[in-house]
Amino acid sequence: GAGVSQSPSNKVTEKGKDVELRCDPISGHTALYWYRQSLGQGLEFLIYFQGNSAPDKSGLPSDRFSAERTGGSVSTLTIQRTQQEDSAVYLCASNLLAGDGYEQFFGPGTRLTVL
Amino acid sequence: AQTVTQSQPEMSVQEAETVTLSCTYDTSESDYYLFWYKQPPSRQMILVIRQEAYKQQNATENRFSVNFQKAAKSFSLKISDSQLGDAAMYFCAYKGGANSKLTFGKGITLSVRP
């Protein structure tokens, strides 16, 4: 089966513009995660969704960041009024269940560059 | 809060030799999981190996094995018979039993010399 897919692969935007990043998890996976990978900060957790439960938004760095997951499948991460410090690779991951030690399967990421 | 530390930013190994990548972590939990992920230039994160904290036996996956020292909170990855395809960035990650997110170290860049 197909793995986790993300689009676009690369995105260049101007400071102040809004961007939307998309993630298609593996079919049947109930848990979906967003992480951000930036130079000097490593990989940081942003948000995760598990089924119909309220998402864990504890990692979102500011209220300019939001995410939704429609129909328990596709997720969109939205960054409003982008800043240069938002430049990073945004990684999406999914797994069958959020608990225990289930492996998280990662997508190839979206590289965001804010000019 | 849990933290994961990878103190070596870069390492190099000769092809066919063995290399060990270090990782330490800090937690007050007794139930957790530890992972090593590989990230090649394609950016695709790939799980290398997983260790459950309640298991005393060190995990192994072909040429990859870990040295899990629970009391010392150490989780190192040993790569035997290194191959050119092993060149990548390697991340150590922690997952608490009651928490679903992964906490990552800053990663180590491994190069393999032919």
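Above: the structure in question.
Our subject in this report is the structure included herewith. (Residues numbered from 1 in each chain as written. Chains lettered and ligands numbered in written order. Predicted model: local features only at pLDDT ≥ 70, side-chain atom pairs only at ≥ 80, totals over all residues. Heavy atoms only, no water.)

**Focus: the pattern of salt bridges**
Residue and element names in this part refer to chain A. Operational definition: What counts as a salt bridge is simple: a side-chain nitrogen of Lys or Arg found within 4 Å of a carboxyl oxygen of Asp or Glu. Between buried and exposed lies partly exposed: a residue is buried under 20% and exposed over 50% of the maximum accessible area for its type, with that area taken using a 1.4 Å probe on protein chains only.
Inspection of the entire model under this criterion finds seven salt bridges over all chains. The closest approach of N and O atoms between Glu 14 and Lys 17, which form a salt bridge, is 3.7 Å. The partly exposed category is assigned to Lys 17, whose relative accessible area is 45%. Here Arg 22 makes a salt bridge to Asp 24, at a shortest N to O gap of 2.9 Å. Under the relative-accessibility criterion, Asp 24 is labelled partly exposed at 22%.

**Re a nonpolar patch on the surface**
Definition in use: Each patch is assembled from residues with relative accessible area greater than 30% and no salt bridge, linking like charges that lie within 9 Å and nonpolar side chains (Val, Leu, Ile, Met, Phe, Trp, Tyr) that lie within 5 Å. Surface accessibility follows the Shrake-Rupley procedure with a 1.4 Å probe radius. Residue values consider only the protein chains on display as shielding. By the criteria applied, helices consist of DSSP H or I runs no shorter than four residues and strands consist of E runs no shorter than two, each listed in order from the N terminus.
Residues A:Leu96, A:Leu97 and A:Tyr102 make up a contiguous nonpolar surface patch of about 260 Å² in total accessible area. With respect to the secondary-structure elements, A:Leu97 resides in the loop between β8 (88-95) and β9 (105-106).

**Focus: the sheet that holds strand β6 (residues 65-69) of chain A**
Either a parallel or an antiparallel arrangement is found when strands of a sheet pair, and the pairing is made through backbone hydrogen bonds. All names here are of chain A. To keep it simple, the criterion reads: In this analysis, strands are considered paired if DSSP registers two or more bridges between them. With axes taken as lines fitted to C-alpha atoms, and helix axes fitted only over the stretch in contact, angles between N-to-C directions fall between 0 and 180 degrees.
If you walk across this open sheet you meet the four strands as β1-β3-β7-β6, and the pairing is antiparallel. Looking at the sheet topology across the chains shown, the edges are occupied by β1 (5-7) and β6. Put simply, the sheet's adjacent strands are angled 15° from each other on average, direction ignored. Across three bridges, the pairing between β1 and strand β3 (residues 19-24) is antiparallel. Each bridged residue has a counterpart across the sheet, and for Ser 7 the counterpart in β3 is Arg 22.

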